[in-house]
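Here is how the chains run, residue by residue.
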Amino acid sequence: LKQYQLRFTSALTTNGMTRVMSSHHFYPINNRMINITTVHWGRSFVFGNTSVELLSGGVALPSVGSDVSSTDELFFTFYEEWIWVDIEMGPAAGGTEVTFHGHGFDYLGDRESMPYICRFTDPNNASQVIDSAPAEVYDSQTLMCVTPAWGGVYSWLDTGATLTLRHGRNPDRVVPLKSPTVYFYFYPV
């Protein structure tokens with residue numbers, strides 16, 4: 001049996017160069033199917049599409065099957081993900097710096113149309129939300145947003161709000177971010 005692997009090629013990395021990574025070698029399950037695990041893309045690369053090639057013996061196959069030829073472009077998307085925040089409590093007057101830690105943050109992209117925004121949502125009414133100003137993105141692993149001031153207008157915030165991170169202003173262009181469920185608690189000033 002032949003061994004196969006996938007080769008992922010990024011369009012852009014932190015230093016502006018192309019990055020190439022290959023999966024481990026795998027054997028086919030049968031003559032029509034292989035199962036290959038993606039590589040860990042790491043923390044130093046921005047999210048987005050990477051091109052994908054199927055290799056056999058280290059050589060790219062000219063055809064992957066009857067439906068895919070060597071001239072087709074195949075892409076795999078690595079998504080952004082945040083894993084934890086450094087603080088989960090702050091004053092109702094706002095101004096708390098909330099730092100997100102994860103990987104794949106787009107710190108080289110368009111800040112005007114695709115900013116990161118912290119969203120605080122009433123856990124009992126998903127239509128009640130407050131968004132922060134655009135976050136400051138430090139690198140592909142770290143970004144920070146400042147909680148907005150809301151005073152006594154939103155009483156539900158006294159009991160905690162679900163904290164999510166959005167990438168983009170326009171709901172049609174928001175990039176999905178994998179994240180844990182975090183409740184942010186506000187105390188009166």
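Conventions used here
Residues numbered from 1 in each chain as written. Predicted model: local features only at pLDDT ≥ 70, side-chain atom pairs only at ≥ 80, totals over all residues. Heavy atoms only, no water. Patch = residues over 30% accessible without salt bridge, like charges linked within 9 Å, V, L, I, M, F, W, Y side chains within 5 Å. Areas by Shrake-Rupley, 256 points an atom, 1.4 Å probe, with all protein chains shown as cover. Salt bridge = Lys/Arg side-chain N within 4 Å of Asp/Glu carboxyl O. Helix = DSSP H or I, 4+ residues; strand = E, 2+ residues; numbered from the N terminus. Buried < 20%, exposed > 50% of the residue type's maximum accessible area, 1.4 Å probe, protein only. Pairing = 2+ DSSP bridges. Core = buried A, V, L, I, M, F, W, Y, C linked by side-chain atoms within 4.5 Å. Contact = heavy atoms within 4.5 Å. pLDDT = per-residue confidence, 0-100. Phe/Tyr/Trp six-rings, centres within 6.5 Å; stacked < 30°, edge-to-face > 60°.

A. Just a nonpolar patch on the surface, in detail. On the surface, Met89, Tyr183, Tyr185 and Tyr187 cluster together into a nonpolar patch covering about 400 Å² of accessible area. Sort the elements by how many residues they give to the nonpolar patch and strand E18 (residues 182–187) lands first, with three residues. Mapped onto the elements of the fold, Met89 is located in strand E11 (residues 89–91). Overall, the relative accessible area of 47% leaves Met89 in the partly exposed class.

B. Quick peek at the sheet that holds strand E15 (residues 136–137). The strand order across the open sheet built from four strands is E10-E12-E16-E15, with neighbouring strands paired in antiparallel fashion. Looking at the sheet topology across the chains shown, the edges are occupied by strand E10 (81–85) and E15. Where E15 meets strand E16 (residues 142–146), two bridges bridge the pair, whose relative direction is antiparallel. From the neighbouring strand, Val137 faces E16, where its bridge partner is Leu143.

C. Expanded view of the pattern of salt bridges. Tallied over the full model, the rule gives one salt bridge. Close ionic contact of Arg119 with Asp131 constitutes a salt bridge, the shortest N to O distance being 2.7 Å. Of this pair, Arg119 sits in strand E13 (residues 116–122) while Asp131 is found in strand E14 (residues 125–131), placing the two residues twelve residues apart along the sequence.

D. Looking closely at the nonpolar core. If you look at the biggest cluster of nonpolar residues, it comprises 22 residues, and the most contacted ones within it are Trp82, Phe100, Phe105, Tyr116, Leu143, Leu163 and Leu165. When contributions to this core are tallied by element, the ones reaching two or more residues are E10, strand E12 (97–103), E13, E16, strand E17 (161–167) and E18. Among all residues touching Phe100, those that are not within four sequence positions of it are Trp82, Trp84, Val85, Phe105, Cys118, Gln141, Thr142, Leu143, Cys145, Leu163 and Leu165. Formed by five residues, the second largest nonpolar core is a distinct cluster that contains Tyr4, Leu6, Phe8 and Leu54.

E. Quick peek at the confidence of the model for the protein chain. When pLDDT is averaged across the protein chain, the result is 75; 69% of the residues are at 70 or more. The least confident element of the protein chain, judged by mean pLDDT, is strand E8 (residues 68–69) at 46; the most confident is E16 at 93. With pLDDT under 50 throughout, residues 66–72 is counted as low confidence; its partners more than four residues away or in other chains account for five contacts.

F. Highlighting the packing of aromatic side chains. Counted according to the given criterion, the structure contains four aromatic pairs. Taking 5.6 Å as the distance between ring centres and 70° as the angle between the ring planes, the aromatic pair formed by Phe120 and Phe186 counts as edge-to-face. A residue pair is termed long-range when its members are at least 10 positions apart, and Phe120 in strand E13 and Phe186 in strand E18 qualify at 66 residues. Like Phe120, the residue Phe186 is buried in the burial classification. Taking 4.8 Å as the distance between ring centres and 55° as the angle between the ring planes, the aromatic pair formed by Phe184 and Phe186 counts as tilted. Assigned by exposure class, Phe184 and Phe186 land together as buried. Grouped by ring-pair contacts, the aromatic residues Phe120, Phe184 and Phe186 constitute a single cluster.

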